Amino acid sequence: MLRKSLSSKQIRKLRSLGMTEEAVVMIGKEGVSPAVVASAREVIKKRELIKVRVLQNAPEEPTDAITMLAERADANLVQVIGRNGLLFKRNFDKPRIEL
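Predicted model only: the values in this text are computed from it and were never measured. (Residues numbered from 1 in each chain as written. Predicted model: local features only at pLDDT ≥ 70, side-chain atom pairs only at ≥ 80, totals over all residues. Heavy atoms only, no water.)

Scanning the entire structure with this criterion turns up two salt bridges. A salt bridge links arginine 47 to glutamate 21, with the nearest nitrogen and oxygen atoms 3.6 Å apart. Pair noted here: arginine 47 is in helix α2 (residues 34-47) and glutamate 21 is in the loop between α1 (8-18) and β1 (23-27), with a separation of 26 residues, a long-range link. The partner of aspartate 74 in a salt bridge is lysine 89, with the nearest N and O atoms 3.8 Å apart. Taken as a pair, aspartate 74 in the loop between α3 (62-72) and β3 (76-81) and lysine 89 in the segment after β4 (84-88) lie far apart in primary sequence, 15 residues in all. Take aspartate 74: its relative accessible area is 34%, and that puts it in the partly exposed class. The exposure class of lysine 89 is partly exposed, given its relative accessible area of 27%. (Salt bridge = Lys/Arg side-chain N within 4 Å of Asp/Glu carboxyl O. Helix = DSSP H or I, 4+ residues; strand = E, 2+ residues; numbered from the N terminus. Buried < 20%, exposed > 50% of the residue type's maximum accessible area, 1.4 Å probe, protein only.)

Next comes the structure, spelled out in structure tokens:
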């Protein structure tokens, strides 16, 4: 289930940080597979904020695929624009982003 624990001020900051990020997780023709979820969890654990891109050959709509990935990776969905989305999950052991 998606967590709505971010305030609008925190979302604005994360969106501004996400503008300069490159997409590190790609959702392709396999859709939101367990391998994609596992790689997203691994990367989000290190970076806290990741950009996700849904490729043209993905079976789902971009909004649906990014929302599904956020739910399965237990992350906050910050924003979806076109085929790109931002996911955030705080790392309490080694926080990198100060909100």
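Picking up after the structure, the text goes on.
Here we have four strands laid out as an open sheet, ordered β1-β2-β4-β3, and mixed in their pairing. The two strands at the open ends of the sheet, each matched to only one other strand, are β1 and β3. Strand-to-strand twist of the sheet, defined as the mean angle between neighbouring strand axes without regard to direction, takes the value 25 degrees. Bridge count between β1 and strand β2 (residues 49-54): four bridges; the pairing is parallel. Within β2, the residue paired with methionine 26 across the bridge is arginine 53. Packing against the sheet, α2 makes contact with β1, β2 and β4, and its axis sits at approximately 165 degrees to β1. (Pairing = 2+ DSSP bridges. Axes fitted to C-alpha atoms, helices over the stretch in contact; angles between N-to-C directions. Contact = heavy atoms within 4.5 Å.)

With a phi close to 75 degrees, glutamate 48 is a non-glycine residue in the positive phi region. Relative to the assigned elements, glutamate 48 resides in the loop between α2 and β2. Taking the relative accessible area as the measure of exposure, glutamate 48 reaches 0% and is therefore buried. Here the phi dihedral of aspartate 74 falls at roughly 55 degrees; this positive angle occurs in a residue that is not glycine.

Of the volumes computed, that of the largest pocket is approximately 160 Å³. The wall of the largest pocket is formed by Arg41, Ile44, Lys45, Ala73, Asp74, Lys89, Arg90, Asn91, Phe92 and Asp93. Here the residues of the lining of the largest pocket are counted per class, giving three nonpolar, one polar and six charged. (1 Å grid on protein atoms, 1.4 Å probe; cavity = no way out; pocket = protein on both sides within 12 Å on 5 of 7 lines; lining within 4 Å. Points joined across faces, edges and corners; volume = space filled by probe spheres on them. Nonpolar A, V, L, I, M, F, W, Y, C, P; charged D, E, K, R; others polar.)

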